[in-house]
Amino acid sequence: MARESLPLVVDDLSTFTKSLRTQLLAHPATPGHQTLLNMLARAAGHRNLQMLKARPPALPRTTTPARAEHSDIVRRTLRLFDDQGRLQRLPVKRSLQLMALWGLWMRFDAKRPYREREVNQILTAWHCFGDYCTLRRDLVTQSLMARTTDSSVYTKLPARPGEDAMALMRALRQLGG
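This section reports on the structure supplied with the text. As the structure is a computational prediction, the values presented were derived from the model and not from experiment. (Residues numbered from 1 in each chain as written. Predicted model: local features only at pLDDT ≥ 70, side-chain atom pairs only at ≥ 80, totals over all residues. Heavy atoms only, no water.)

## As for the pattern of salt bridges
Here is the rule: Note on definitions: salt bridges are taken to be side-chain nitrogens of Lys or Arg within 4 Å of carboxyl oxygens of Asp or Glu.
One pass over the structure, following the stated rule, counts six salt bridges. The residue arginine 112 makes a salt bridge to glutamate 118 at a minimum N-O spacing of 3.3 Å. Several salt bridges share partner residues, and in doing so they unite Asp72, Arg75 and Arg76 into one network.

Written out as C-alpha cells, the structure is:
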C-alpha cells in the first residue's frame, strides 16, 4: 500500500493530548493500527479518519494584505505572519525582526501592568515558534515595553511607530488579530 501524506493540524495541543489519553484509557486493550488512526483523528476534532481524509484540501496560503501601497519592508514583514496574525518565525534580518516586534507590541494594553506569566501567555498566543523569551527581551531592549528590576512587572511603553510600522499594524488588524 502506498504511503499517503495527510496533514494533521491541531489547534490546541493540550486538548488534543487529553482527548487522546482519554480514548486510550477507555480502550480495553492495545488498539490496532486503524483504531489508533481513528483515535488520532477524533482527538483532532474529526469524527474518524475517513472524515479527516474527506475534508477539503487546504487552500494554498493566501498572501496577507500586502497591497502595492505598502513598502517593501512591510510586505516582507507581513509574509512572516500567518492568516491569523501570528508571527510564524523570527527572521534573521534585524530590520525585519524590529518590524515584527511592532506586530507583537500592538497586542498589549497600555493601561495596565502585566506579570511576566501574562506577557509570556500573550506572546505565546501571537507567535508559532516557541521562543517567547527572545521576543519578550527584544520588546524590552527596543523600549517597546519596560520591566521592573526583578522582572516581575511589565508595562507597554508609549511609542511612536513609524509609517511602515503603522501600515504593518493596520494590515495585521485586518487579518482578524
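From this point on, the discussion continues.
## Quick look at helix 6 (residues 116-125)
Applicable threshold: Using a 1.4 Å probe on the protein chains alone, a residue whose accessible area is under 20% of its type maximum counts as buried, one over 50% counts as exposed, and one in between counts as partly exposed. Put simply, DSSP H or I for four residues or longer makes a helix, DSSP E for two residues or longer makes a strand, and each gets a number counted from the N terminus. When we speak of the arc, we mean the arc of directions from the helix axis to the C-beta atoms. Note on contacts: a residue pair is in contact if any heavy atoms of the two residues lie within 4.5 Å.
If you check which residues of helix 6 are buried, you get Val119, Asn120, Ile122 and Leu123. One side of helix 6 holds all its buried residues, which, seen down the axis, span an arc of 165°. Those residues of helix 6 that are exposed and angled more than 90 degrees off the buried face are Arg117 and Gln121. Turning to helix 6, the residues buried within the fold contact helix 5 (94-105), strand 1 (114-115), helix 7 (132-141), strand 2 (145-147) and strand 3 (153-156).

## Re unusual backbone geometry
Look at serine 143: it is not a glycine, yet its phi comes out positive at around 60°. In this structure, serine 143 sits in the loop between helix 7 and strand 2. Within the chain, serine 151 stands out as a residue other than glycine whose phi angle is a positive 60°. Take serine 151: it is sitting in the loop between strand 2 and strand 3.

## Topic: the side chain of glutamine 23
To keep things clear, this is the line we draw: Each polar contact in these results corresponds to two N or O atoms within 3.5 Å; when the atoms are within protein, one needs to be able to donate a hydrogen and the other to accept it, and residues that are neighboring in sequence are counted only if both atoms are side-chain atoms.
Here glutamine 23 lies in helix 1 (residues 13-26). One polar contact links the side chain of glutamine 23 to the main-chain carbonyl oxygen of methionine 39, over a distance of 3.3 Å.

## A closer look at the packing of helix 1 against helix 2 (residues 33-43)
Definition in use: Axis geometry follows a simple rule: fit a line to the C-alpha atoms, using only the stretch in contact for helices, then measure angles between N-to-C directions, giving values from 0 to 180 degrees. Each crossing gets its handedness from the near helix: less than a right angle anticlockwise from the far helix is left-handed, clockwise is right-handed. In this count, Pro and Cys sit with the nonpolar residues alongside Ala, Val, Leu, Ile, Met, Phe, Trp and Tyr, while Asp, Glu, Lys and Arg are called charged and the others, Gly among them, polar.
At a closest axis distance of 8 Å, the pairing of helix 1 and helix 2 adopts a crossing angle of 140°. Note on packing geometry: the crossing formed by helix 1 with helix 2 is right-handed. Facing helix 1, whose interface residues are Phe16, Ser19, Leu20, Gln23 and Leu24, helix 2 presents Leu36, Met39, Leu40, Arg42 and Ala43. Partitioned by chemical class, the residues of the contact of helix 1 with helix 2 number seven nonpolar, two polar and one charged.

## Side note on the nonpolar core
Condition: Nine residue types can take part in a nonpolar core, namely buried Ala, Val, Leu, Ile, Met, Phe, Trp, Tyr and Cys, and a core is a set of them joined through side-chain atoms within 4.5 Å.
By size, the foremost hydrophobic cluster in this structure holds 32 residues, and its most contacted members are Phe108, Leu139 and Leu168. When contributions to this core are tallied by element, the ones reaching two or more residues are helix 4 (72-78), helix 5, helix 6, helix 7 and helix 8 (163-174). Per element, the largest residue contribution to this core is seven residues, and it comes from helix 5. Non-local contacts of phenylalanine 108, meaning those with residues more than four positions away in its chain, are made with Tyr114, Val119, Ile122, Leu123, Leu139, Met145 and Lys156.

Coordinates in, geometry out; function isn't part of it.
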